[in-house]
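The chain contents come next:
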Amino acid sequence: MQTHESYRRLLDSPRWKRTFNAGARAQRLLWASTGTKDPKASDILYIRGLAAPFTVNTMPEAALKAFADHGDTSETLPASTDEVLAKFAEAGIDIDALATQLLDEGAESFVKSWNDLMECIASKSEALKAA
């Protein structure tokens, strides 16, 4: 959420507006792998929670189908997340520690996926060489 707020501040800045008027286009924020992992939580929890203009959301097919079935974007992520972050703090959530944990877990997951892909390519390559 802090990322989105920083992004919106940048897009609202005079510096960016000058750049935009000169022909630049903003890169959209990417919310990656937003499928819900907890079976007790809503299957569209993160999709709904991260819906916002100027963003791209990658999600598993099941989450996309669930959102098509019962999701909506009538409420989007606010430009300012101060109230949301204050509620986290009131609940005793250390947002910086949580962000670090999620970043670490996300990076680890992407590295694992990359390594799996490289192993698959190497295996297929070896099979082709042997044929």
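If you're wondering where the values come from, they're calculated on a predicted model, not measured in any experiment. (Residues numbered from 1 in each chain as written. Predicted model: local features only at pLDDT ≥ 70, side-chain atom pairs only at ≥ 80, totals over all residues. Heavy atoms only, no water.)

(A) Examining the packing of helix H1 (residues 2-12) against helix H2 (residues 14-21) more closely. Relative orientation of the contacting elements H1 and H2 amounts to 65°, with a least axis distance of 5 Å. Between H1 and H2, the contacting residues are Leu10, Leu11 and Asp12 on the first element and Pro14, Trp16 and Lys17 on the second. Residue composition of the contact of H1 with H2, grouped by class: four nonpolar, no polar and two charged. (Axes fitted to C-alpha atoms, helices over the stretch in contact; angles between N-to-C directions. Helix = DSSP H or I, 4+ residues; strand = E, 2+ residues; numbered from the N terminus. Contact = heavy atoms within 4.5 Å. Nonpolar A, V, L, I, M, F, W, Y, C, P; charged D, E, K, R; others polar.)

(B) Local environment of the nonpolar core. One finds Tyr7, Leu11, Trp16, Leu29, Trp31, Leu50, Ala52 and Leu77 forming the largest nonpolar core, which totals eight residues. Only H1 and strand S1 (29-31) provide two or more residues apiece to this core. Tyr7 has contacts with Ala26, Gln27, Arg28, Leu29 and Phe54, leaving out every residue within four places of it along the chain. Ranked by size, the runner-up nonpolar core spans five residues in total, among them Ile44, Ile47, Ala63 and Ala66. (Core = buried A, V, L, I, M, F, W, Y, C linked by side-chain atoms within 4.5 Å. Buried < 20%, exposed > 50% of the residue type's maximum accessible area, 1.4 Å probe, protein only.)

(C) Spatial organisation of helix H4 (residues 61-70). Listing the buried residues of H4 in full gives Ala63, Ala66 and Phe67. Seen end-on, H4 carries its buried residues on one side only, within an arc spanning 100°. Looking at H4, the residues exposed on the side facing more than 90 degrees away from the buried face are Glu61, Ala62, Lys65, Ala68 and Asp69. (Arc of directions from axis to C-beta.)

(D) Quick peek at the pattern of salt bridges. Overall, the coordinates contain five salt bridges when judged by the stated rule. For Lys112, the salt bridge identified is with Asp116, shortest N-O distance 2.8 Å. Taken together, the residues Lys112 and Asp116, both in helix H6 (residues 95-130) and four residues apart, mark about one turn of the helix. Owing to a relative accessible area of 36%, Asp116 belongs among the partly exposed residues under this scheme. (Salt bridge = Lys/Arg side-chain N within 4 Å of Asp/Glu carboxyl O.)

(E) Geometry of the confidence of the model for the chain. Counting all residues, the mean pLDDT for the chain is 88, and 98% of those residues have values of 70 or more. Mean pLDDT across the elements of the chain ranges from a minimum in helix H5 (residues 82-90), with 82, to a maximum in H2, with 95. (pLDDT = per-residue confidence, 0-100.)

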